[in-house]
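Okay, here's what each chain looks like letter by letter:
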Amino acid sequence: MNSEKRAVGIVGVTGYAGAEAARLVLRHPQLQLVAVQSRSSAAMSLAQSVPSLAGATDLICSGEDAPDAMAGCEVVILAQEGGAAVRTAPELLSAGQKVVDLSADFRLKQPELYADWYGFAHASPHLLEEAAYGLPEMNRAYIAKSRLVANPGCYPTAATLALAPLLEAGYADTTSIVVDAWSGISGAGRASKAHHFAETNENLSPYKVAGTHRHTPEIEQALSIAAGQSIRVSFTPHTAPVTRGILCTCYAQLTEPVTAADLRNVYATRYQHEPFVRVVQNTLPTTAQVRGTNNCVIGVEVDARANRAVIISAIDNMVKGASGQAIQNINLMLGLPETAGLDALPVWP
């Protein structure tokens, strides 16, 4: 191993998020992928299970439990199904390793919410307060000194970045927020039946409506911090017949008349030093603008007739919405340049 590079391992490497994390680590100038684990692909080469990585690595997937498979890693990315990291992370932390968890297992601060929203009793509630919520634009300093980071969900990332400046500035009526979001089908995961072509092609589908989606409490938790008060939102997710991307349109009644230009100035000031957030003018965000990147593009409009702000954000759900944000967090945790390994331009068309 190159002594100048920091050792990274990935648990659950053959799912979509795990494979994306592997792609990003393999091209990172200061990280080295040294261990990969996948029970479904045990003893197979990573390149055989994820053909897009052929020629980039000769690593073999371990089927061992994470602590054994990840020996020698400074940082471990957990890309497991929900409910697994609550058992895996404590063992890795006890071994002195840093952990970035891509599941929801450490995102919510109230342990009782896991039974309500995820269907399991949290096995490591003592770690919830310690875990840093891994949205750098909101929590950079705490992430940098943390050993356990809860990587945000894709919908919460898009919604929080869209609404936080409006709430921080006090312009939003906190009782009227609506989040209407569309996701590419990769968000359902590699094993999901949602990928049947005949059922997703040319088909737009709402799901988990009326506040029943698992990301709802995470969105509300993040926005409540931004607003400085408890927030409830109406959140409706949809699937779109595209592979990647989140397009999030957020609506909030304004507490006072304000122009779109004024709000754009608020957003531009809030995000002026953020390397991955871009506030656009004279155009609106699209998923094509961010495909394959760690960027978030935000558009700000005002419906003056209805006295309502309309904020639109776009991210790649696999990058800024998952594995790219994990790399951004690892960079912060290890004291590396925050943008290292994340400088890709969008793939277009």
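Predicted, not measured: the structure shown is a model, and the values here were computed from it.

Participant: I tried to follow the pattern of salt bridges on my own but got confused; where do I start?
Facilitator: Side-chain pairs of opposite charge can arise whenever the charged atoms involved come near each other. In total, this model carries 14 salt bridges according to the counting rule given. One salt bridge connects E74 with R6, and the closest N-O pair in it is separated by 2.8 Å. Here E74 is found in the loop between α3 (66-69) and β3 (75-78), whereas its partner R6 is found in strand β1 (residues 6-11), with 68 residues between them in sequence. Among the ionic pairs, R140 bridges to E338, the shortest N-O distance being 2.9 Å. Pair noted here: R140 is in helix α6 (residues 136-144) and E338 is in the segment after α11 (319-333), with a separation of 198 residues, a long-range link. Look at E338 and you get buried, because its relative accessible area is 14%. What you see here is one network of salt bridges that share partners, running through E20, R23, R244 and D316.

Participant: Looking at this structure, how should I read the packing of helix α1 (residues 16-26) against α11?
Facilitator: Each pair of packed helices gets described by two things: the angle between the helix axes and the distance between those axes. Taken N-terminus to C-terminus, the directions of α1 and α11 make an angle of 45°; their axes are 9 Å apart at the nearest point. What the angle tells us is that α1 and α11 run oblique. α1 and α11 meet at a crossing whose hand is right-handed. Across the interface between the two elements, A17, E20, A21, R23, L24 and V25 of α1 pack against V319, S323, G324 and I327 of α11. Taken together, the residues of the contact of α1 with α11 sort by class into six nonpolar, two polar and two charged.

Participant: What is the right way to read unusual backbone geometry from this model?
Facilitator: Where the residue is not glycine, phi is negative for most of them; where a peptide bond is considered, it is trans in most cases. At the junction of W348 and P349, the peptide bond is cis and its omega measures out at 0° in the coordinates. Tracing the chain through its elements places P349 in the segment after α11. A positive phi angle, close to 75°, is found at A43, a residue other than glycine. Position of A43 among the secondary structure elements: in the loop between β2 (31-37) and α2 (46-49). Backbone geometry at N307 places phi at a positive 55°, although glycine is not the residue there. Examined against the element boundaries, N307 turns out to sit in the loop between β12 (296-303) and β13 (308-315).

Cut-offs and rules
- Residues numbered from 1 in each chain as written.
- Predicted model: local features only at pLDDT ≥ 70, side-chain atom pairs only at ≥ 80, totals over all residues.
- Heavy atoms only, no water.
- Salt bridge = Lys/Arg side-chain N within 4 Å of Asp/Glu carboxyl O.
- Helix = DSSP H or I, 4+ residues; strand = E, 2+ residues; numbered from the N terminus.
- Buried < 20%, exposed > 50% of the residue type's maximum accessible area, 1.4 Å probe, protein only.
- Axes fitted to C-alpha atoms, helices over the stretch in contact; angles between N-to-C directions.
- Parallel < 35°, antiparallel > 145°, perpendicular 65-115°, else oblique.
- Left-handed = near helix turned anticlockwise from the far one by under 90°.
- Contact = heavy atoms within 4.5 Å.
- Nonpolar A, V, L, I, M, F, W, Y, C, P; charged D, E, K, R; others polar.

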